[in-house]
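# Coordinates in review
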Amino acid sequence: MIKTYKVMLLPNNKQRTKLFECAGVARWAYNFALATQQENHKNGGKFLSDGELRKRLTELKKQKEYDWLNKYSNNITKQAIKDACQSYKNFFEGRTKFPKFKSKKRSRPSFYVDTAKIKITDTHVKLEKLTTSKKSNKQKLNYIKLAEKCRIPIGNNTKYYNPRVTFDGLNWWLSIGVEEVETKHQNYTEGIGIDLGVKELAVVSNGQKFKNINKTDKVRKLEKRLKRLQRKLSRKYEKNKIQTEGGEYRYRKTANIKKLEYLVLKTYRRLKNIRHDYTHQITASLVKTKPEYVVMENLNTCGMLKNRKLSKAVQEATFHEFKRQMRYKCAWNGIKFILADRFYPSSKTCSRCGYIKPKLSLSERTFKCENCGAVIDRDKNASINLSRYQRTA
């Protein structure tokens, strides 16, 4: 089993500059591979393999115009060309849309680090060729401090997979896969069903309820602050609007606008992190109980977002993120994860007698059975039915 770790980096100013340069090299190599493939396709040639493209790049490096590529790690360009070829294959096999060229403004800065060259300690990570100097005091530039100590496993027998360094607009991150042994428990508790909702984020069949964090004062204050900053940013853009000779309007980005954009991004990221952290806390606490299996409903989130009254609440609840975290955490701990059918009537079925109600509106928060007279909370009833899904399926 391959477990992925993502740790924030704390580079100094020189290291930050080098990281952006490495990301620029990866973007250039990706665009070079795409442009070569497109030109070759127009001329009637067959698909070029990544090996052939790397040979062409090696020949380019011998020219003075492209001599600057030799200052950076060869593995960055190698993997970027591989990624471009893979995206080209995915398009022709019908899995994705036609690959686009990476833009300096819009694409996320990232690059690959070779597994044989990367070295990880408890506090630092060593990247390849951030500096070309062999002096000991200059070699320190290759070691970047990690924000979390002893987070990534280290050892002689540890195998690493696909290390990537990415920039999210605020911080640099290292994501790396580590091969680990799957853990299996000897004593499991009874399986559980989880019903997700807007009123309560999650209701579990064992009686647990987890509130919706988006209704708390902390989150609401941050949302108000985000709205104020966005309005302020919009007014700044309107003040710096310039009309060109052709009659079109262009926006001049001043230093104050850049500061406001940074504050907007920082506030939005804080909101996102609060929601994801809360989801991590819930999923971790559920997995720690060691249930035999976990059943969740396959919600039609895209359909729910069409309801204009509930779309904002559904979007903020991050149902997909909850399901994603629950799935991989169950896999880590050897717990069976079951996704119930989308049309399984978990809310309409009585958990006592099994009677299925023909109609159940969203406003009915209490389930009243017409057959046996049972009265139970709607979400609790759905979670109990989901916990029994494995027997009925």
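We now turn to the structure provided with this report. (Residues numbered from 1 in each chain as written. Predicted model: local features only at pLDDT ≥ 70, side-chain atom pairs only at ≥ 80, totals over all residues. Heavy atoms only, no water.)

## Concerning the sheet that holds strand E4 (residues 124–126)
The cut-off we apply is this: Any two strands are treated as partners once DSSP identifies two or more bridges connecting them. Strands here mean DSSP runs of E at least two residues long; helices mean DSSP runs of H or I at least four residues long; both are numbered from the N terminus. Contact criterion: two residues are considered in contact whenever any of their non-hydrogen atoms come within 4.5 Å of each other. Here, axes are lines fitted to C-alpha atoms. For helices the fit covers the stretch in contact, and angles between N-to-C directions go from 0 to 180 degrees.
Spatially, E2-E6-E7-E1-E5-E4-E3 is the arrangement adopted by the seven strands of the open sheet, whose pairing is antiparallel. Of all the strands in the sheet, just strand E2 (110–112) and strand E3 (119–120) have a single pairing partner and so form its edges. Packed on one face of the sheet, helix H3 (residues 74–92) meets E2 and strand E6 (160–167) and runs near 105° to E2.

## A few points about the layout of surface pockets
The condition is simple: Buriedness for pockets is judged along seven lines, at least five of which must meet protein on both sides within 12 Å for an open set on the 1 Å grid over protein atoms alone, while cavities are sets there where a 1.4 Å probe fits but cannot get out, and lining residues have an atom within 4 Å of a point. Grid points are joined across faces, edges and corners, and a volume is the space filled by probe spheres set on the points. In this classification, the charged set is Asp, Glu, Lys and Arg, the nonpolar set is Ala, Val, Leu, Ile, Met, Phe, Trp, Tyr, Cys and Pro, and all remaining amino acids, among them Gly, are polar.
Considering only enclosed or pocket space, the largest pocket measures out at about 1000 Å³ in volume. Forming the boundary of the largest pocket are 24 residues, of which Lys6, Trp173, Asn273, His276 and His280 lie nearest the centre. For the lining of the largest pocket, the secondary-structure elements that each account for two or more residues are strand E1 (2–10), E6, helix H6 (255–288) and helix H9 (319–332). Residue composition of the lining of the largest pocket, grouped by class: seven nonpolar, six polar and 11 charged. The calculated volume of the second largest pocket comes to roughly 880 Å³.

## Observations regarding the pattern of salt bridges
Quick note on the threshold: Counted as salt bridges are all cases of a side-chain nitrogen of Lys or Arg within 4 Å of a carboxyl oxygen of Asp or Glu. Each residue gets one of three labels from its accessible area relative to the maximum for its type: buried under 20%, exposed over 50%, partly exposed in between, using a 1.4 Å probe on protein chains only.
For the structure on display, the rule yields 17 salt bridges. The partner of glutamate 93 in a salt bridge is arginine 95, with the nearest N and O atoms 2.6 Å apart. For glutamate 93, a relative accessible area of 49% translates into the label partly exposed. A relative accessible area of 52% means that arginine 95 is categorised as exposed. Note that arginine 151 is salt-bridged to glutamate 148, the shortest N-O span being 3.2 Å.

## Some thoughts on the pairing of E6
The side chains of a regular strand alternate between the sheet's two faces. Sheet topology places E2 next to E6; three bridges connect them, and they run antiparallel. Bridge pairing in E6 places phenylalanine 111 opposite valine 165. Pairing between E6 and strand E7 (residues 172–179): six bridges, direction antiparallel. For arginine 164, the partnering residue across the bridge sits in E7 and is serine 175.

## Comments concerning the state of the cysteines
For clarity, the threshold we go by: The criterion for a disulfide is a pair of cysteine sulfur atoms lying within 2.5 Å.
In total, this model carries zero disulfides according to the counting rule given. There is no disulfide at cysteine 353, and the cysteine sulfur nearest it, in cysteine 369, is 3.6 Å away. Owing to a relative accessible area of 36%, cysteine 353 belongs among the partly exposed residues under this scheme.

## Topic: the environment of serine 361
By secondary structure assignment, the location of serine 361 is in the loop between strand E14 (336–340) and strand E15 (366–368). The exposure class of serine 361 is partly exposed, given its relative accessible area of 33%. For serine 361 and lysine 348, which are 13 residues apart along the polypeptide, the C-alpha to C-alpha distance reads 9.7 Å.

## Re unusual backbone geometry
At lysine 129, a residue that is not glycine, the phi angle is positive and equals roughly 60°. Structurally, the position occupied by lysine 129 is in the loop between E4 and helix H4 (136–139). On the accessibility criterion, lysine 129 (33% relative accessible area) is partly exposed. A positive phi is found at threonine 318, a non-glycine position, where the angle reads about 50°. A residue is classified by how much of its surface remains accessible, and threonine 318, at 19% relative accessible area, is buried.

## Side note on the sheet that holds strand E8 (residues 192–196)
Pairing within the open sheet is mixed, and its five strands lie in the order E10-E9-E8-E13-E14. In this open sheet, the two strands that pair with only one neighbour each are strand E10 (209–211) and E14. With strand direction ignored, the average angle separating the axes of adjacent strands in the sheet is 20°. Examined bridge by bridge, strand E13 (residues 293–297) and E14 share five bridges and lie parallel to one another. Across the sheet, the residue bridging to methionine 296 is leucine 339, located in E14. Across the sheet, H6 is in contact with E8, strand E9 (200–204) and E10; its angle to E10 comes to roughly 170°.

## A look at empty space enclosed by the protein
Within the structure shown, the criterion is met by three cavities of 30 Å³ or more. Within this model, the largest cavity holds a volume of roughly 60 Å³. Residue assignment for the lining of the largest cavity shows that the elements contributing at least two residues are H3 and E2. For the lining of the largest cavity, the class distribution of residues is seven nonpolar, two polar and two charged. Here the second largest cavity is characterised by a volume of approximately 40 Å³. Lining of the second largest cavity is provided by Leu201, Asn212, Ile213, Asn214, Arg275, Tyr278, Thr279, Glu316, Ala317 and Thr318. Contributing elements (two or more residues each) for the lining of the second largest cavity: H6 and helix H8 (311–317). It is H6 that contributes the most residues to the lining of the second largest cavity, three residues altogether. When grouped by side-chain class, the residues that make up the lining of the second largest cavity number four nonpolar, four polar and two charged.

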